Amino acid sequence: MYLAMTSNSYTRLRERELAKSTKPFQAKGKSVTRCPDCQMGAFACMCGWRPQAKSAVDFVLLMHRKELFKPTNTGRLIVDVFPDTPAFLWNRLEVPEGLQEILDDPERDCYVVFPADGTENCARETVRALPASNRKTTLILLDGTWKQCSRMIGLSRWLDKVPCLSLPETLVRSYSVRDSGRSHRFSTAEAAISCLLLAQEAQPAETLRHYFSVFNQHYLATRGCCEVEEGESHEYLRSLTST
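The following paragraphs examine the structure supplied in this document. Here the residue numbering is sequential within each chain, running from 1 through the sequence in written order. Under the rules for a predicted model, residues below a pLDDT of 70 receive no local features and side-chain atom pairs below 80 are neither given nor counted, while totals for whole chains, interfaces and linings still include all residues. Side-chain calculation: all heavy atoms of the structure are included, whereas hydrogens and water are not.

### As for the environment of Ala132
With respect to the element layout, Ala132 can be found in the loop between strand E4 (126-127) and strand E5 (136-143). In this structure, the C-alpha to C-alpha distance between Ala132 and Ala199, residues 67 residues apart in sequence, is 9.6 Å. Helix numbering and strand numbering both begin at the N terminus, where a helix is a DSSP run of H or I of at least 4 residues and a strand a DSSP run of E of at least 2.

Laid out in structure tokens, this is it:
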């Protein structure tokens with residue numbers, strides 16, 4: 001049995017783009033009956049494990065269009081845990097509607113989260129720690145494959161003036177669904193966990209980490225057509241709803 005469909009910036013963006021499509025999107029494993037919300041196999045639905053947390057750091061999800069439709073996408077986990085997170089579809093030529101207002105907000109310090117030394121466009125200002133500030137730290141997470149994200153940051157002239165936050169390589173390495181093959185290449189959820197740890201936001205980082213672990217387990221169960229074996233992360237998320 002499914003829970004009520006979630007409405008957040010990711011699901012609204014996905015539904016909007018699906019409505020524009022001339023043919024239905026079919027993910028790998030299309031023969032699997034999927035939960036329409038979490039996109040896991042119906043037998044491995046993870047909607048009931050969705051937690052929420054609060055953080056002093058704001059995230060912005062800037063998505064490559066192809067990521068909207070992938071069951072392996074981890075950017076949506078960030079919107080699940082931090083439901084006020086806005087999600088925008090990347091456009092090479094212009095700022096997505098609503099994002100410019102965030103970038104121009106004098107009460108915010110905005111950073112693009114990406115290892116600038118891993119792009120062809122590495123002349124931008126780069127920081128490796130979050131400076132102390134009275135303004136709201138706002139982190140723009142590029143959501144796509146490594147190649148897609150490199151293009152997003154390298155081709156978007158409207159992003160040139162936004163400094164880059166380059167994450168330490170050793171903070172989080174746990175993604176078991178898609179392996180980038182490079183130690184400094186994070187999944188979007190890993191990047192968000194690392195950002196929270198940098199910002200000394202240990203509790204929300206732990207919540208997202210466990211939700212990410214549950215996502216991995218449920219996705220691998222979906223791919224293998226096997227039952228989900230609940231573990232430590234399930235117990236952690238269960239404890240959040242019982243307190």
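We are not done yet, so read on.
### Here's the deal with the sheet that holds strand E6 (residues 164-165)
Strands are treated as partners if at least two bridges between them are detected by DSSP. Read from one edge to the other, the open sheet built from six strands follows the order E2-E1-E5-E3-E6-E4, with strand pairing classed as parallel. If you trace the sheet from one side to the other, it starts and ends with strand E2 (87-89) and E4, each paired once. By the convention used here, residues are in contact when the closest approach between their heavy atoms is within 4.5 Å. All axes here are fitted lines through C-alpha atoms, helices being fitted over the stretch that makes contact, and every angle between N-to-C directions spans 0 to 180 degrees. Relative to the sheet, helix H4 (residues 146-155) contacts strand E1 (58-63), strand E3 (108-113) and E5, its axis offset from that of E5 by approximately 125°. Strands E1, E3, E5 and E6 of the sheet are contacted by helix H5 (residues 188-198), whose axis makes an angle of about 160° with E5.

### Details of the environment of His218
The topology assignment puts His218 in helix H6 (residues 202-224). Classification of residues uses two cut-offs on accessible area relative to the type maximum, computed with a 1.4 Å probe and protein chains only: under 20% is buried, over 50% is exposed, and between them is partly exposed. His218 sits in the buried class, given a relative accessible area of 4%. Sequence separation of His218 and Val228 is ten residues, and the distance between their C-alpha atoms is 6.1 Å. Leaving out residues up to four positions away in the same chain, His218 has contacts with Met40, Ala44, Cys45, Met46, Trp49, Val228 and His234. Looking at His218, its side chain comes within polar contact range of the side chain of His234, at 2.9 Å. Between N or O atoms, a polar contact is any pair within 3.5 Å; within protein, one atom must be a potential hydrogen donor and the other a potential acceptor, and residues adjacent in sequence are included only when both atoms are from side chains.

### Digging into helix H7 (residues 232-241)
Within the span of H7, buried status applies to Ser233, His234, Tyr236 and Leu237. Around the axis of H7, the buried residues are gathered within 160° of arc, so they sit on the same side. Elements in contact with the buried residues of H7: H6. Along the arc lie the directions from the helix axis toward the C-beta atoms.

### Considerations on the packing of H6 against H7
The interhelical angle for the contact between H6 and H7, taken along N-to-C directions, is 130°, at an axis separation of 9 Å. Taken together, the axis directions place H6 and H7 in an arrangement best described as oblique. Classified by chirality, the crossing of H7 by H6 is left-handed. Listed contacts from H7 to Gln203, Glu206, Thr207, His210, Tyr211, Ser213, Val214, Gln217 and His218 of H6 are Glu232, Ser233, His234, Tyr236, Leu237 and Leu240. Amino acids outside the nonpolar list (Ala, Val, Leu, Ile, Met, Phe, Trp, Tyr, Cys, Pro) and the charged list (Asp, Glu, Lys, Arg) are all regarded as polar, and Gly is one of them. By residue class, the composition of the contact of H6 with H7 is five nonpolar, eight polar and two charged. Here is the rule for angles: anything less than 35 degrees is roughly parallel, anything more than 145 is roughly antiparallel, 65 through 115 is roughly perpendicular, and the remaining ranges are oblique. Crossing chirality is assigned from the near helix's rotation relative to the far helix, an anticlockwise turn below a right angle marking it left-handed and a clockwise turn marking it right-handed.

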